[in-house]
Amino acid sequence: MGNLNHILNRKMERLLLLQKNLLACPFQGKATTNPHATAAAARPPVKVVITGAAGAIGYVLCFMIGQGKMFGPDQRVDLVLLELPVAEGALKGTLMELEDCALPLLSSLKGTTDPNEGFADVDFAILVGAKPRGPGMERKDLLTENAKIFINQGKLINSLAKPTVKVLVVGNPANTNALIVSAFATRINPRNVTSLTRLDQNRAISQIAGKLRCPVDDVKNLIIWGNHSLTQFPDPFQGYVFNYPSPGLVTSVRSAVNDDAWLKENFIPRVQKRVILEILE
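Rules and cut-offs
Residues numbered from 1 in each chain as written. Predicted model: local features only at pLDDT ≥ 70, side-chain atom pairs only at ≥ 80, totals over all residues. Heavy atoms only, no water. Helix = DSSP H or I, 4+ residues; strand = E, 2+ residues; numbered from the N terminus. Buried < 20%, exposed > 50% of the residue type's maximum accessible area, 1.4 Å probe, protein only. Contact = heavy atoms within 4.5 Å. Pairing = 2+ DSSP bridges.

A.B. asks: Hey, could you go over the overall build of the protein chain for me, with residue numbers and the actual values?
C.D. replies: Of the regular secondary structure elements, the protein chain holds 10 helices and 11 strands. Buried positions account for 38% of the 281 residues belonging to the protein chain. Partitioning the intrachain contacts of the protein chain with sequence separation of at least 6 by distance along the chain shows that 68% fall at a separation of at least 24.

And the structure:
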């Protein structure tokens, strides 16, 4: 019995000590600022829609946006994932993965197969979803089917998005699709519609860097003239290479390669036909 009383007394002492500490807490009964809050809390969230969000590219973009790699580490995002009804299962899976990550910058998360819901009041529209290029297809073969998609999306953006919306077209042929969107989103400033056409330039830089065995960041000023198609012209004759052939030197690409036959017969057609080669391989 004595031992039991001793144990009870010790427990009572601990309870009294806990009560004393709680009463002494400076936050007790007061409103206070979250010590872990960031500058993001002071900025209103931006609403972003991604089309084709459960596809290979859209899926990656969702997580990059949630990590602050697109709008910065202090910008919260209301993220809307838009998909076709046939991809609803993949869409739900992507949503669950994003929820599991509990990304602090995602102030809200929604998935939908309804374009009217997807484009409503958005600040940014990232148009990834498009018909993919199949074996033997060229840029012109995509135009008919993808034109229908981007005409419809242009109309939806025009009627539903904020007038200040920024539109980024990813689906190929990206520059043509961007023109289509802009033509049908007449309420939107054309300067607010752009597309990702850097891929061909990256391919050209990679080819030159591989040939010279130098870092890709040392290859500068390679230009792609024309559209993302077999008619494009990858121009190596305006380019130059830093730190080649030795540190501190700058050499033109043509002089560094020193092989015009390779540039004309290998480099140029390989960049032009890269998409077709990837599909066939």
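A.B. asks: An account of unusual backbone geometry is needed here, citing residue identities and associated values.
C.D. replies: In this structure, P173 follows N172 across a cis peptide bond, with omega equal to -5°. Relative to the assigned elements, P173 resides in the loop between strand 5 (166-169) and helix 6 (174-184). The peptide bond linking Y244 to P245 adopts the cis configuration, its omega dihedral lying at 5°. On the secondary structure map, P245 appears in the loop between strand 10 (240-242) and strand 11 (250-252). With a phi angle near 45°, A102 is a residue other than glycine that sits in the positive phi range. With respect to the secondary-structure elements, A102 resides in the loop between helix 3 (88-101) and strand 3 (106-112). In this structure A102 comes out as exposed when scored by relative accessible area, which is 58%.

A.B. asks: Now, about the pairing of strand 4 (residues 124-127): what can you tell me, with residues and values included?
C.D. replies: Two elements, strand 1 (residues 46-51) and strand 4, share four bridges in a ladder whose sense is parallel. Counterpart to T51 in the pairing with strand 4 is L127. As paired strands, strand 4 and strand 5 are joined by four bridges and run parallel to one another. The residue bridging F124 from the neighbouring strand is K166, located in strand 5.

A.B. asks: Got a sec to walk through the environment of S229? Specific residues and values, please.
C.D. replies: Secondary-structure assignment places S229 in the loop between strand 8 (223-225) and strand 9 (233-235). Sequence separation between S229 and K140 is 89 residues; the distance between their C-alpha atoms is 8.1 Å.

A.B. asks: Hey, could you go over the sheet that holds strand 7 (residues 219-220) for me, with residue numbers and the actual values?
C.D. replies: An order of 7-10-11 is seen for the three strands of this open sheet, with the pairing classed as antiparallel. The strands lining the two open edges of the sheet, one partner per strand, are strand 7 and strand 11. Note that strand 7 and strand 10 share two bridges and pair antiparallel. Across the sheet, the residue bridging to K220 is Y240, located in strand 10.

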